[in-house]
Amino acid sequence: MQNWGRTRRFLIYPAVNFLNNRRSNPIAANPVFNSAFGLANHRDSPLYSESEKSNLHTCFHSLRDKVVETGIRSAIRFQHRGFGSDATKIQRNPLFSTLNSEDISYFKGVLGEKNVIQDEERLLTANTDWMHKYRGSSKLLLQPRSTEEVSQILKYCNSRSLAVVPQGGNTGLVGGSVPVFDEVVINVSLMNNIISFDKVSGILVCEAGCILENLITFLDTQGYIMPLDLGAKGSSQIGGNVSTNAGGLRLVRYGSLHGNVLGLEVVLANGDVLDMLGTLRKDNTGYDLKHLFIGSEGSLGIVTKVSILTPPKLSAVNVAFLACKDYFSCQKLLVEAKWKLGEILSAFEFLDNLAMDLVLNHLEGVRNPLPPSLHSFYVLIETTGSDEAYSKEKLEAFLLHAMGAGLITDGALAQDINQASSFWLIREGLPEALMKAGAVYKYDLSLPIENMYNLVEEMRIRLGESATVVAYGHLGDGNLHLNISTPQYEDKILAQIEPYVYEWTSKHRGSISAEHGLGLMKANEIFYSKPTNVVHLMGSIKKALDPKGILNPYKVLPHSLSSSS
Amino acid sequence: MKIMVAIKRVIDYAVKIRVKPDKSGVETKNVKMSMNPFCEIALEEALRIKESGMASEVVAVSMGPTQCVDTLRTGLAMGADRGIHVEATGALLPLSVARLLRALVEVEEPGLLILGKQAIDDDCNQTGQMVAGLLNWPQGTFASKVVLDKEKQAVTVDREVDGGLETLCLDLPAVITTDLRLNQPRYATLPNIMKAKSKVIKKFSPQDLNVEIKSDLEVVQVTEPPKRKAGVIVSSVDELIDKLKNEANVI
């Protein structure tokens, strides 16, 4: 898999240059590849290379300039909503203290001078999310090197009522990993050791700051892979992946982190270290508390160590890119794929024709694998197995059968890894293409597969000509990425979308956050997906584990709940 | 006119190569194998010539173990009309391949033989030149543009050479080897994969073609390139200058 990831980086640009340099190191040699890295290496939350980051900056600033120039009030209001983060609507919790020089010297005593960071530039990075949508004003970044240090910091912060934000790779999409006000940022990136790997069981134990891609590279040498793979893997850290219960592309095959994480070491707000770092697949002794920390977005504790079950790396990977005439055919194809591909099915992704157009128009080096024709939907199927001949034969037989039955109208089967990567690029390049197309309103929804696309169609009718509604996602997991693309952000459009999308999702018993989390963006919307008494129980758990509420405040749970408590 | 295209089955170019512990070669077991990218380009060019009405048939040829049939199937799915597989188990070096190709040219009598400029596994870049020599045909290597003139029975080939382009005009029959910028190969679509199932792959042995496979070369040892040493971060310009002077000895 690692190799695949690597190849993807090159596909934005014609593979020709790469071929000349095969197996040397074209990344180092060619600056174009450097910039292609971040671009091609993403799934849903792309990480941008420096040059792209600056492009984003430019977008942001030019937009702001425009607003100032025209002085349109509504546009300025949008500023708060779109980029200024929701901080303008939330009050800073007055119970939290503010940093003083004694605090700084305490932290320096614990962590050493070097790991107590007050440098403006580094703080700006820590304060800003990758979409440049949320920006905090923290004055302090701490970089502990051990669980003991995390414990000491938290114990102190708790006693001083200093709010903190645990931060990993800061690749989240919902404003969960950046401060809202002046919270102290605790970044565990220096805790990046692999503690152990058992080649027989495939169980990996490592520290929370390990970057996902580094773990994938390490496991590759051992003949294993990580059970999760996502676009942000070059920056995102395993501690953050666990804390946000990151989904990604392998979920359909290997399941969620609730199944793959075998144990955690967590530091509570008061500095207590919970050693739940089991390496057992079966352990029914009492409440399985680690699950509380998987997906709670750092609001209950800071994950410091992770034990995770990793599947073996299988060599036979095949990818097909298919066209379907309608959404019903996509669904039928999914059912058929589950039965006929069975154990080798490893991804089932879909996109609609508007999504396809967007990628073809906005991403360089992408071409439609299929002859030009009017297809309404595209499906990407990946199989992973242990025997190339068997897997390929099985996939081919399935595809030919599906074609005969009219489920697919056309399709292409990748003949080599490069082709497979270029198919993946279409799906993975979507977030990038959307960013290039203009303003985008992103929704990450879990819905019953049957109804999923109805929402897209309703949104198209609702918004008419004013916006392009683009749909793609992990069909195999019932996860829709609904993206509404407009030339610029407008309050009027937002009012057409929200709360309608949330209400619709709620009505169909879906989830308003399938894999991105609630963070700051959707903390107040939790009731669309969870009943009041359930949310209140969550509040009680939060209260029990973090009585002063210092851990990642203003996120995950509704603000009404945290301010009343 | 018939076009013959040679295609080679190699380790997929995106796979990380591992040298065998005994240094006798690279690990090929359980490794993804694909068509050599230059051969894909050669085949694509042949197909485009056929589609423009300048050729009547495209024959894909591959040599090596049984699994070469998979590579030929890919070629047929891309659009080749039929395949030829010369089954040989041992190592095939460029001269042997060139001799086998000459024998096949005598059987098939194509007007054009197109090959990739080199295979990405051994990087020999010899077969096209050798077979042209053996056949005494004109050759246009590293082609970045191919234009066929049916009336004159000639082909114009743009070659990428150091310092620019060279344009050659070759009388047919001729040998062309393809460079990367010639074209972008097509994908194998499902309808074409289906059609390919009924296409014929004819098998030959080297004996059938009266070619003796012998090796003029011996691989002594295959080793990995030395690993790059980790860099160091220096704390000051003075330290950098010191290191450049005293450690690297470059200034």
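I will try to describe carefully the structure that is included in this document. Owing to the predicted nature of the structure, the values given are computational and were not obtained by experimental measurement.

A few points about the packing of aromatic side chains
At step 1: Counted by the stated rule, this structure contains 17 aromatic pairs over all chains.
At step 2: Plain terms: the ring middles of Tyr441(A) and Tyr489(A) are 5.3 Å apart, the flat faces sit at 80° to each other, and that makes the pair edge-to-face. Residue Tyr441(A) is found in strand S14 (residues 439-446), and its partner Tyr489(A) is found in the loop between strand S16 (479-486) and helix H21 (491-497); the two are separated by 48 residues along the sequence.
At step 3: Owing to a relative accessible area of 22%, Tyr489(A) belongs among the partly exposed residues under this scheme.
At step 4: Put simply, the rings of Phe321(A), Tyr378(A), Phe423(A) and Tyr187(B) touch in pairs and so form one group of aromatic residues.
At step 5: The ring of Tyr500(A) carries Arg462(A) above its face, with NZ or CZ at 3.9 Å from the centroid.

What about the interface of chain B and chain A?
Accessible area lost when the parts come together is the quantity often used to give the size of an interface.
At step 1: Every contact between the two is made by 30 residues of chain B and, on the other side, 37 residues of chain A.
At step 2: Buried area between chain B and chain A, summed over both chains or domains, comes out near 3,100 Å², and the portion from carbon and sulfur atoms is 56%.
At step 3: Considering only the side of chain B, the residues that lose the most area to chain A are Tyr13(B), Tyr187(B) and Leu190(B), jointly responsible for 29% of the buried surface there.
At step 4: For the pair chain B and chain A, the number of links is three salt bridges.

Here we look at the pattern of salt bridges
At step 1: For the structure shown, the criterion picks out 33 salt bridges over all chains.
At step 2: When the shortest N-O distance is used, the salt bridge between Asp229(A) and Arg250(A) registers 3.7 Å. Here Arg250(A) lies in the loop between helix H11 (238-243) and helix H12 (251-254) and Asp229(A) lies in the loop between helix H10 (212-222) and H11, a separation of 21 residues in the sequence. The burial state of Asp229(A) is the same as that of Arg250(A); both residues are buried.
At step 3: Where salt bridges share partners, they join Lys2(B), Glu57(B), Arg82(B) and Glu108(B) into one cluster.

So, the nonpolar core
Nonpolar side chains tend toward joint burial in soluble globular proteins.
At step 1: Of all hydrophobic cores here, the largest spans 158 residues; its most connected members are Met226(A), Ile238(A), Leu333(A), Ile381(A), Leu480(A) and Leu482(A).
At step 2: Ranked by the residues each element gives to this core, the list is headed by helix H1 (residues 37-51) of chain B, at eight residues.
At step 3: When residues no more than four places from it in sequence are discounted, the contact partners of Leu482(A) are Tyr441(A), Lys442(A), Tyr443(A), Leu445(A), Leu455(A), Val456(A), Met459(A), Val469(A), Val470(A) and Val501(A).
At step 4: Core analysis: the second largest hydrophobic core is formed by 29 residues, Ala414(A), Ala420(A), Trp424(A) and Ala433(A) among them.

Some remarks on the pairing of strand S10 (residues 316-324) of chain A
A regular strand places its side chains so that they alternate between the two faces of the sheet.
Residues and elements named next belong to chain A.
At step 1: With nine of its nine residues buried, S10 lies for the most part within the structure.
At step 2: Relative to strand S12 (residues 377-385), S10 runs antiparallel, the two sharing nine bridges. Each residue of the ladder has a partner; that of Asn318, found in S12, is Thr383.
At step 3: As paired elements, S10 and strand S13 (residues 410-413) share four bridges and run antiparallel to each other. If you follow Leu322 over to S13, its bridge partner there is Gly411.

Let's talk about the sheet that holds strand S7 (residues 139-149) of chain B
Residues and elements named next belong to chain B.
At step 1: Spatial ordering of the open sheet is given by S9-S8-S7-S10-S6-S1-S4-S5-S12, a layout of nine strands whose pairing is mixed. What marks the edges here is a single partner per strand, and that holds for strand S9 (164-171) and strand S12 (201-204). Taking each pair of neighbouring strands and ignoring which way they run, the sheet shows an average axis angle of 30°.
At step 2: As judged from the six bridges shared by strand S4 (residues 57-64) and strand S5 (residues 82-87), these two strands associate in the parallel manner. Note that in S5 the partner of Val59 across the bridge is Arg82.
At step 3: Its contacts with the sheet place H1 against strand S1 (2-6), S4, strand S6 (112-116), S7 and strand S10 (174-178), and it is angled at close to 150° to S6.

With respect to H10(A)
Residues and elements named next belong to chain A.
At step 1: The complete set of buried residues in H10 reads Leu212, Glu213, Leu215, Ile216, Leu219 and Asp220. Taken around the axis of H10, the buried residues stretch over an arc of 155°, which confines them to a single face.
At step 2: The first or second residue beyond H10 is Gly223, which carries a positive phi of 85°.

Considering the environment of Cys330(A)
All names here are of chain A.
At step 1: Considering the arrangement of structural elements, one finds Cys330 in helix H15 (residues 327-340).
At step 2: Spatially, the C-alpha atom of Cys330 lies 8.0 Å from that of Phe350, the residues being 20 residues apart in sequence.
At step 3: Ignoring any residue separated from it by four or fewer positions in sequence, one finds Cys330 in contact with Cys324, Phe348, Phe377, Val379 and Leu475.

Observations concerning unusual backbone geometry
At step 1: The omega torsion across Glu498(A) and Pro499(A) is 5°, close enough to zero to call that bond cis.
At step 2: Within the element layout of this structure, Pro499(A) appears in the loop between H21 and helix H22 (500-507).
At step 3: Cis geometry marks the peptide bond from Leu172(B) to Pro173(B), where omega comes out at 0°.
At step 4: Assignment of secondary structure puts Pro173(B) in the loop between S9 and S10.

Calculation criteria
Position labels on residues start from 1 in each chain and follow its written sequence. Chain letters and ligand numbers both follow the written order, the letters beginning at A and the numbers at 1. Residue-level local features of this predicted model are given only where pLDDT is at least 70; pairs of side-chain atoms are given and counted only at 80 or more, and the full residue set underlies all totals for whole chains, interfaces and linings. The basis for every side-chain value is the complete set of heavy atoms in the structure, and neither hydrogens nor water enter the calculation. Under the pairing criterion, centres of Phe, Tyr and Trp rings, with the six-membered ring standing for Trp, must be within 6.5 Å; the plane angle then separates stacked pairs below 30 degrees from edge-to-face pairs above 60, leaving the rest tilted. Each helix corresponds to a stretch of at least 4 residues labelled H or I by DSSP, and each strand to a stretch of at least 2 residues labelled E; elements are numbered beginning at the N terminus. The buried label goes to any residue with under 20% of its type's maximum accessible area, the exposed label to any with over 50%, and the partly exposed label to all in between, with areas taken from a 1.4 Å probe on protein chains only. The rule for a charge over a ring is simple: NZ of Lys or CZ of Arg within 6 Å of the ring centre, and within 35 degrees of the ring normal. Whether two residues are in contact is decided by their heavy atoms, any of which lying within 4.5 Å being enough. Accessible area, probed at 1.4 Å, shrinks when two parts are joined; the buried area is that loss added up over both. For this analysis, a salt bridge means a side-chain nitrogen from Lys or Arg found within 4 Å of a carboxyl oxygen belonging to Asp or Glu. Nonpolar core, defined: a set of buried Ala, Val, Leu, Ile, Met, Phe, Trp, Tyr and Cys residues in which side-chain atoms within 4.5 Å join the residues together. In this scheme, strands are said to pair when DSSP sees at least two bridges between them. Fitting a line to C-alpha atoms yields each axis, with helices limited to the stretch in contact; the angle taken between N-to-C directions then spans 0 to 180 degrees. The arc refers to the directions leading from the helix axis to the C-beta atoms.

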